[in-house]
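Descriptive analysis of the structure
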Amino acid sequence: MINRRTFSKALGLGTGAAAASLGGLQGLSTASAATQNGTKAPITPPGTPGTHTSFATPRQIKAGLLDIGYAELGPAHGPVVICLHGWPYDIHSFVDVAPLLATEGYRVIVPYLRGHGTTRFLSSRTFRNAQQSAIALDIIALMDALKIEKAVLAGFDWGSRTADIIAALWPERVKALVSVSGYLITNLEANKQPLPPKAEYAWWYQYYFATERGRLAMEDKTKRHDLTRLVWDTVSPTWGFGDATFERTAAAFENPDYADIVIHNYRWRLSLADGERRYDRLEKQLAARPVIGVPAVTLDAEHDPFTAPGDGSSYRDRFTGKYDHRTLKGIGHNVPQEAPTAFAQAVIDVDHF
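Model, not experiment: these values are computed from the prediction. (Residues numbered from 1 in each chain as written. Predicted model: local features only at pLDDT ≥ 70, side-chain atom pairs only at ≥ 80, totals over all residues. Heavy atoms only, no water.)

**Looking at the packing of helix H7 (residues 212-219) against helix H10 (residues 258-269)**
Applied cut-off: Every axis corresponds to a line fitted to the C-alpha atoms, with the helix fit spanning only the stretch in contact, and the corresponding angles, defined between N-to-C directions, vary from 0 to 180 degrees. Elements are defined by DSSP. Helices are runs of H or I of four residues or more, strands are runs of E of two residues or more, and each kind is numbered from the N terminus. Note on terminology: angles under 35 degrees are roughly parallel, angles over 145 are roughly antiparallel, angles of 65 to 115 are roughly perpendicular, and the others are oblique. Throughout, a crossing is termed right-handed when the near helix is turned clockwise from the far one, and left-handed when it is turned anticlockwise from it by less than a right angle. By definition in these notes, contact holds between two residues if any of their heavy atoms fall within 4.5 Å. Just so you know the grouping, Ala, Val, Leu, Ile, Met, Phe, Trp, Tyr, Cys and Pro go in nonpolar, Asp, Glu, Lys and Arg go in charged, and all remaining residues, Gly too, go in polar.
Two numbers describe how H7 lies on H10: the axes approach to 8 Å, and their chain directions differ by 150°. Taken as axis vectors, H7 and H10 run roughly antiparallel relative to one another. For the element pair H7 and H10, the recorded crossing hand is right-handed. In this structure, H7 contributes Glu 212, Gly 214, Arg 215, Met 218 and Glu 219 to the contact, and H10 contributes Tyr 258, Ala 259, Asp 260, Val 262, Ile 263 and Arg 267. Among the residues making up the contact of H7 with H10, the classes are represented as five nonpolar, one polar and five charged.

Okay, structure coming up:
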């Protein structure tokens, strides 16, 4: 999940448990009245989380090292928003966000990250690498394959980190950014230093994955299922999701590369697994904590155990462009699925900064 140093055109319709009818909208600031060329940003109508339960069958496209599976909604020539999920989640984190944005005329792309869902490596010989720069380059390759020059990037968890990296290193590809938990770019040297015990406690699975027991658990279908469900329960304590909601996402964990990608990601962050030399230059740039100059909205969730204290103050200096920070009351870690209205509104607003 997130960087420990920061602590830091069809839809299937269905019913779902409502966490809150406003989906966290009460946490929005006055910047939701953002304007672009004198035009006020539209206000997303309040919706009920869980209204939508599925996407149409994911599309596939060869991009870089991968055959990427992705959902797409909205007009083909609309302004593009790319929504990026985290761990242990998948594209269904955006199942309510995407139609809200599509209704406003956005072309919404929601890809499975490497090792998830229908995304596959093109070659069996490719190292199953999950270091941060490799995942970011996957999204650049996807944009190139889809002939998308520039997009709003919006993500949480691994998705926030990926979006932050692209905004920092390739700002010409990013129109604006929505990042849950703020600045999540990993600094390997900083990650070697211990956090306060209470903070370390929240990262139990990261240390579990550093062991052979943890790797075996991720490779075992039943143990993987139960472990990821436990993470959902603990990091989203106020979200009243049902079994069906979790199972839809858990299907994405059956990807043959899932265990390798997850284990490598967390071991790499603790300097317990090597990355690849081809990414060394990018990782050196990221270790310098580059600033993000594109327009940005950062979101913190009140009940997310990984939300840094200080209402975004710990990373405020990393955002040098037009900026707003919002705290979502009553919401846990899976922000877009728990608070789709607030998340969609952040995307619309930042696009009008």
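**Structural notes on unusual backbone geometry**
Trp 87 connects to Pro 88 through a cis peptide bond whose omega is -5°. Topologically, Pro 88 is positioned in the loop between strand E7 (80-84) and helix H2 (97-103). Located in the positive-phi region is Lys 147, a residue other than glycine, with phi close to 60°. Tracing the backbone through its elements, the reader meets Lys 147 in the loop between helix H3 (132-145) and strand E10 (151-155).

**As for the nonpolar core**
Applied cut-off: Buried Ala, Val, Leu, Ile, Met, Phe, Trp, Tyr and Cys residues form a nonpolar core when they are joined through side-chain atoms within 4.5 Å. The classification of residues rests on relative accessible area computed with a 1.4 Å probe and restricted to protein chains. Under 20% of the type maximum is buried, over 50% is exposed, and intermediate values are partly exposed.
Counting 107 residues, the largest nonpolar core has Ile 82, Trp 87, Leu 101, Leu 177, Val 178, Phe 209 and Phe 343 as its most contacted members. Among residues more than four places away in sequence, those in contact with Phe 343 are Phe 94, Val 97, Ala 154, Gly 155, Val 178, Val 180, Leu 299, Val 335 and Pro 336.

**Side note on helix H4 (residues 158-169)**
Counting along an α-helix, one turn takes 3.6 residues, and residues three or four places apart therefore face a common direction. Heads up, the rule is: Take the number of residues in a helix, subtract one, and multiply by 1.5 Å to get its expected span.
When the terminal C-alpha atoms of H4 are compared, their 17 Å separation across twelve residues agrees well with the 16 Å that a helix rising 1.5 Å per residue should span. Judged by how many residues are buried, H4 sits mostly within the fold: twelve of twelve residues are covered. The complete set of buried residues in H4 reads Trp 158, Gly 159, Ser 160, Arg 161, Thr 162, Ala 163, Asp 164, Ile 165, Ile 166, Ala 167, Ala 168 and Leu 169. Considering only its buried residues, H4 is in contact with E7, H3, E10, strand E11 (174-180), H10 and helix H11 (280-287).

**Quick notes on the packing of aromatic side chains**
Test applied: Aromatic pairs are defined between Phe, Tyr and Trp rings, using the six-membered ring for Trp, whenever the two ring centres lie within 6.5 Å; interplanar angles under 30 degrees are classed as stacked, those over 60 as edge-to-face, and all others as tilted.
The final tally for this structure, using the stated rule, is 24 aromatic pairs. Between Trp 87 and Tyr 205, the aromatic rings sit 5.3 Å apart at their centres with planes inclined by 40°, giving tilted as the arrangement. In this pair, Trp 87 is assigned in the loop between E7 and H2 and Tyr 205 in helix H6 (residues 204-209), connecting sequence segments 118 residues apart. Taken as a pair, Trp 87 and Tyr 205 share a single burial class, namely buried. Here Phe 253 and Tyr 258 contribute two aromatic rings whose centre-to-centre distance is 4.8 Å and whose plane-to-plane angle is 20°, an arrangement assigned as stacked. Comparing Phe 253 with Tyr 258, the two get one shared label, buried. Ring pairs connect the aromatic residues Trp 87, Trp 158, Trp 203, Trp 204, Tyr 205, Tyr 208, Phe 209, Tyr 266 and Phe 306, which therefore count as one cluster.

**Some details on the pattern of salt bridges**
Basically, it comes down to this: By definition, a salt bridge exists where a carboxyl oxygen of Asp or Glu is found within 4 Å of a side-chain nitrogen of Lys or Arg.
A full pass over the atoms with the stated rule returns 16 salt bridges. We note a salt bridge from Glu 276 to Arg 278, for which the minimum N-O separation is 3.5 Å.

**A closer look at the pairing of strand E6 (residues 66-73)**
Under the convention used in this document: We call two strands paired when DSSP finds no fewer than two bridges between them.
The element E6 is largely enclosed, with a buried count of eight among its eight residues. Covered by surrounding structure in E6 are Leu 66, Ile 68, Tyr 70 and Glu 72 together with Asp 67, Gly 69, Ala 71 and Leu 73, the residues of both alternating faces. Two strands pair when backbone bridges link them, and strand E5 (residues 59-63) and E6 are joined in this way by five bridges, in the antiparallel orientation. Paired with Lys 62 across the strands is Asp 67, a residue of E6. Once E5 ends, the chain turns through two residues before running back antiparallel as E6, passing Gly 64 with a positive phi of about 60°. Taken together, the two bridges between E6 and strand E9 (residues 120-121) define a ladder with antiparallel strand orientation.

**Some details on helix H8 (residues 221-235)**
Where we set the bar: Distance and chemistry together define a polar contact, namely a pair of N or O atoms within 3.5 Å, with one atom able to donate a hydrogen and the other to accept it when in protein, and with adjacent residues in sequence counting only for side-chain atoms on both sides.
Taking 1.5 Å of rise per residue, 15 residues should cover 21 Å, and H8 covers 21 Å from first to last C-alpha, within 8% of that figure. Within the span of H8, buried status applies to Arg 224, Leu 227, Thr 228, Arg 229, Val 231, Trp 232 and Val 235. Those residues of H8 that are buried are in contact with H6, H7, helix H9 (243-250), H10 and helix H12 (335-338). N-capping of H8 is provided by Asp 220, with a side-chain oxygen placed 3.1 Å from the backbone N of Thr 222.

**Examining the side chain of Arg 173**
Relative to the helices and strands, Arg 173 is located in the loop between H4 and E11. Among the residues examined, Arg 173 registers a relative accessible area of 10% and is labelled buried. Reaching out from Arg 173, the side chain makes a polar contact with the side chain of Asp 144 at a distance of 2.9 Å. At a separation of 2.8 Å, a polar atom in the side chain of Arg 173 contacts the main-chain carbonyl oxygen of Ile 148. Leaving out residues up to four positions away in the same chain, Arg 173 has contacts with Ile 140, Met 143, Asp 144, Ile 148, Glu 149, Lys 150 and Ala 151.

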